[in-house]
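Single-letter residue listing:
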Amino acid sequence: MPGTLTIWTDHELGTISPNLYGNFAEHLGRCVYGGLWVGERSTIPNEGGLRTAAVEALRALHLPVLRWPGGCFADDYHWEWGVGPQRRPRRNLWWGGPESNEFGTDEFLELCRAVGCAPYISVNVGSGTVEEAVNWMEYCNSSQASHYANQRRAHGHPDPYGVRYWGIGNENWGCGGNMTPEQYAYECRKYACFMSKLGRDVEGGVYLIAVGHDDLRWNHEVLRHLEGALGTLSALSIHMYRTGHPAQGPPATSATDTPEHFYRLLGEVVDMEDKVRKTADLLDFYSTPGHRLDLVVDEWGTWYGDTDEGLGQPGPLKDALFAAAALHMCQRYCGAVSMTNMAQTANVLQALLLTRGSDLVLTPTYHAYEMMKNHQGARLLASRATSARLADDKGREYDALSVSASRSADGGALTLSVANLSLDQDCPTEVRLSGLEAVRGATARVLTSAGIADVNDFDAGERVKPRETPAQVALPSFRHTFPARSLTVLEIAL
Ligand code: AHR
């Protein structure tokens, strides 16, 4: 079925927070050690121990924000063991194996500086203390002649890092202490009370993120028990991992390429939208005219049945299409969603980068993020698409074309991203740009492959990558064919 797509270029719906394109790196599997961090003595090219190729790839992505150190790891992490010349080795409680603490706060903040992204640190609520958390903030952000700021200086970092984003625990309903909502709210009140006091050390104040849940009852209970203290918090976070597993039979894997699985995986976005909308409504209810609570999705992505011990999975094309559709959905809620952090940056779950020895490959998901990066900080435009309706075996329906359009903050460019989620039908589409008098030119790139389970790997190389494609952009409308199972991004100069 042919499609239609109208973009009202003079109808702006809100600003897309750059942080929607954030990521997450945990001390898990080979994300940090062997992935982002190789150590200064490694023969693998590195800058102060950080893998050069990873830093370059993340910089090219315009990665806006990186969350660390966990995940479950965060609620058993004692930051003081990972700073200074004497690192104290430990066991990694949640993910097994040793933790050398070679990569600690200064290494993480140096990684963020090299990449050009903002750091987001989750503090230990499960087995830590409020004192440990505020000392960590002092170490990172204080310019005073105080103990922990002096310690940072003694470790070779004279200037405060200005870390703005702080998470108060992680999944405290589970691996972060198995707490009830009441217990967590009690802890969170204390942490937020003291941590918010250190907000003055950071330009714009600190941004404190409380732990929410996929389960809306938890969110409601936590917010209810936080009443009176909500002014110290900026956001509530939820996690959304999706598998697209069938109701019966063996779990889907990265290699599963059946239409049933693909449409179910993309159908999950319908369910994710429902979670986002309901949580955003709840946050609205608890917001006041002077203080709005944002929604942060600080872990999300695919999690199949073929992860290795370190939660590694190969990262097929279908992941990139799932990412594009989910990012489009988050952009529609840009008034509510201030940040998302896909899990995880290297070698773990829906990774951006895969490494083997000194080799590094970019996954199709990396390419989707890179292609869509100009949406960051741009103004969301009203748009409407019609195309074939797709449905999964759970009865969830959605359009074949998943679309988002934005205009750059300076008004000079329009970014249009379109995922055609049909597995086998190209979609010739009439694209109408309403409200424009002239365009100066356009480029288009498309990401697709013969199969949705196609991956980039070390032996076959990078097969799934964006290619330039002709686009005859004209006013008031033009025709463009969006190929089956593809992501297309048009950049239009105004
Ligand atoms: O990302 C892997 C794990 O998934 C994280 O440690 C935890 O927060 C979540 O359950």
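Here, the structure is the one placed above.
Residues numbered from 1 in each chain as written. Predicted model: local features only at pLDDT ≥ 70, side-chain atom pairs only at ≥ 80, totals over all residues. Heavy atoms only, no water.

Q: Which residues make up the overall build of the protein chain, and what values go with them?
A: What the protein chain contains, in helices and strands, is nine helices and 25 strands. Taken over the C-alpha trace, the protein chain has a radius of gyration of 22 Å; the compact-globule value for 494 residues is 23 Å, and the two agree within 12%. In terms of overall dimensions, the protein chain has a C-alpha envelope of 65 × 55 × 50 Å along the principal axes. Here the protein chain, with 494 residues, has 60% of them falling under the buried criterion. Considering only contacts within the protein chain whose residues lie at least 6 apart along the sequence, 75% involve residues at least 24 apart. Carbon together with sulfur atoms contributes 50% to the accessible area of the protein chain, which is approximately 18,900 Å² in total. Taking the average location of the 43 positive side-chain charges in the protein chain and that of its 59 negative ones, the two points are 2 Å from each other. (Helix = DSSP H or I, 4+ residues; strand = E, 2+ residues; numbered from the N terminus. Rg over C-alpha atoms; globule rule 2.2 N^0.38 Å. Buried < 20%, exposed > 50% of the residue type's maximum accessible area, 1.4 Å probe, protein only. Contact = heavy atoms within 4.5 Å. Areas by Shrake-Rupley, 256 points an atom, 1.4 Å probe, with all protein chains shown as cover. Lys, Arg positive; Asp, Glu negative; His and termini not counted. Charge placed at Lys NZ, Arg CZ, Asp CG, Glu CD.)

Q: With reference to specific residues and values, describe the side chain of Thr488.
A: As for its placement among the helices and strands, Thr488 is situated in strand S25 (residues 486-493). Those residues in contact with Thr488, other than ones at most four positions away along the chain, are Leu416, Ser417, Val418, Arg445, Val446, His480, Phe482 and Pro483.

Q: For the site of the ligand, give the residues involved together with the corresponding values.
A: Taken together, 14 residues lie near the ligand, and Glu26, Cys72, Glu171, Tyr241 and Glu299 sit nearest. Asn170 is positioned such that a nitrogen or oxygen atom in its side chain is 3.0 Å from an oxygen atom of the ligand. Here an oxygen atom of the ligand sits 2.8 Å away from a polar atom, N or O, in the side chain of Glu171. When isolated, the ligand has an accessible area of 290 Å², and the protein chains bury 93% of it. Residue composition of the shell around the ligand, by class: seven nonpolar, four polar and three charged. (Near = heavy atom within 4 Å. Polar contact = N/O pair within 3.5 Å; in protein donor to acceptor, adjacent residues only side chain to side chain. Nonpolar A, V, L, I, M, F, W, Y, C, P; charged D, E, K, R; others polar.)

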